[in-house]
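# Results of the structural survey
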Amino acid sequence: TNSEKLQLVPHANGNSLWLVTHVLPNTFASFLVSATGVSGTAVFSTLGNGHGNGAGHMKINKQFTQLAMGNFIERDIELFDFDWATGQFSNFRRWDFISGGGFIYGVEFSPNGTRVYASDLNDVIQYDLSSGNLATIASSAVVIANQPFAFPGTLQLGPDHRIYIANGVVDRIECPDALGTACNFVSNSIPGAGGGGYGLPGW
């Protein structure tokens, strides 16, 4: 495909997986991965704003019901519903990223799926999804980190339910489910551990 966005998601049947990617400008492709291999035919969902650049991450929440990603050039956040039984996406919503920096790269859900975090070259911003109301979500933005990053910060939920941020060093969000600054951003949380900003292991 022409995007670096990629996610591997369990199938509702408990035996298979979905390999999901984003095809520019605005199409998701879900490939079924089963005991017989990777399907040569994808399930396509065409919706959302057009993307002019394939850089950045997309993430599906731990409940396997929603996907979030940033539009790298257009500077907005996009949210979609995901059906893990069919591989289809629906219910597109978007709002503007409040930072003036743009170039949204990292995105991640909190463990319980009620918060989504996004990063660019300067900021990590938390949005509260719990209301389900788009205007309320957009206005809930809280800057939890504001500093020039060495790289666009990659956000990755770890097995310990903390979110790790690689941007030249490794930062960490201690309590990602907590609202606002109570999530507790810790800069350089693993002293001496260098970290590139463009990727972290997904598992």
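Note: the structure precedes this text.
Burial along strand 14 (residues 154-157) is two-sided: the residues Thr154 and Gln156 and Leu155 and Leu157 are all buried. Sheet analysis places strand 14 next to strand 15 (residues 163-166), joined by four bridges and oriented antiparallel. Paired with Gln156 across the two strands is Tyr164, which belongs to strand 15. The turn joining strand 14 and strand 15, which pair antiparallel and follow one another in sequence, is formed by five residues; a positive phi near 70° is taken by His161.

Looking at the element boundaries, Ser16 is found in the loop between strand 1 (6-10) and strand 2 (17-23). Among the residues examined, Ser16 registers a relative accessible area of 10% and is labelled buried. Excluding residues within four positions of it along the chain, Ser16 makes contact with Pro10, His11, Leu32, Val33 and Ser34.

Turning our attention to the pattern of salt bridges. Following the criterion strictly, the structure yields eight salt bridges and no others. Across the salt bridge formed by Lys59 and Glu108, the nearest N and O atoms sit 3.2 Å from each other. In this pair, Lys59 sits in strand 6 (residues 58-60) while Glu108 sits in strand 10 (residues 107-109), placing the two residues 49 residues apart along the sequence. You can call Lys59 buried: its relative accessible area is 5%. Measuring nitrogen to oxygen at the nearest pair gives 2.3 Å for the salt bridge that ties Asp96 to Arg94. What makes Arg94 partly exposed here is its relative accessible area of 29%. What you see here is one network of salt bridges that share partners, running through Asp160, Arg162, Arg172 and Glu174.

About the cut-offs
Residues numbered from 1 in each chain as written. Predicted model: local features only at pLDDT ≥ 70, side-chain atom pairs only at ≥ 80, totals over all residues. Heavy atoms only, no water. Buried < 20%, exposed > 50% of the residue type's maximum accessible area, 1.4 Å probe, protein only. Helix = DSSP H or I, 4+ residues; strand = E, 2+ residues; numbered from the N terminus. Pairing = 2+ DSSP bridges. Contact = heavy atoms within 4.5 Å. Salt bridge = Lys/Arg side-chain N within 4 Å of Asp/Glu carboxyl O.

Purely geometric numbers; function is a separate question.
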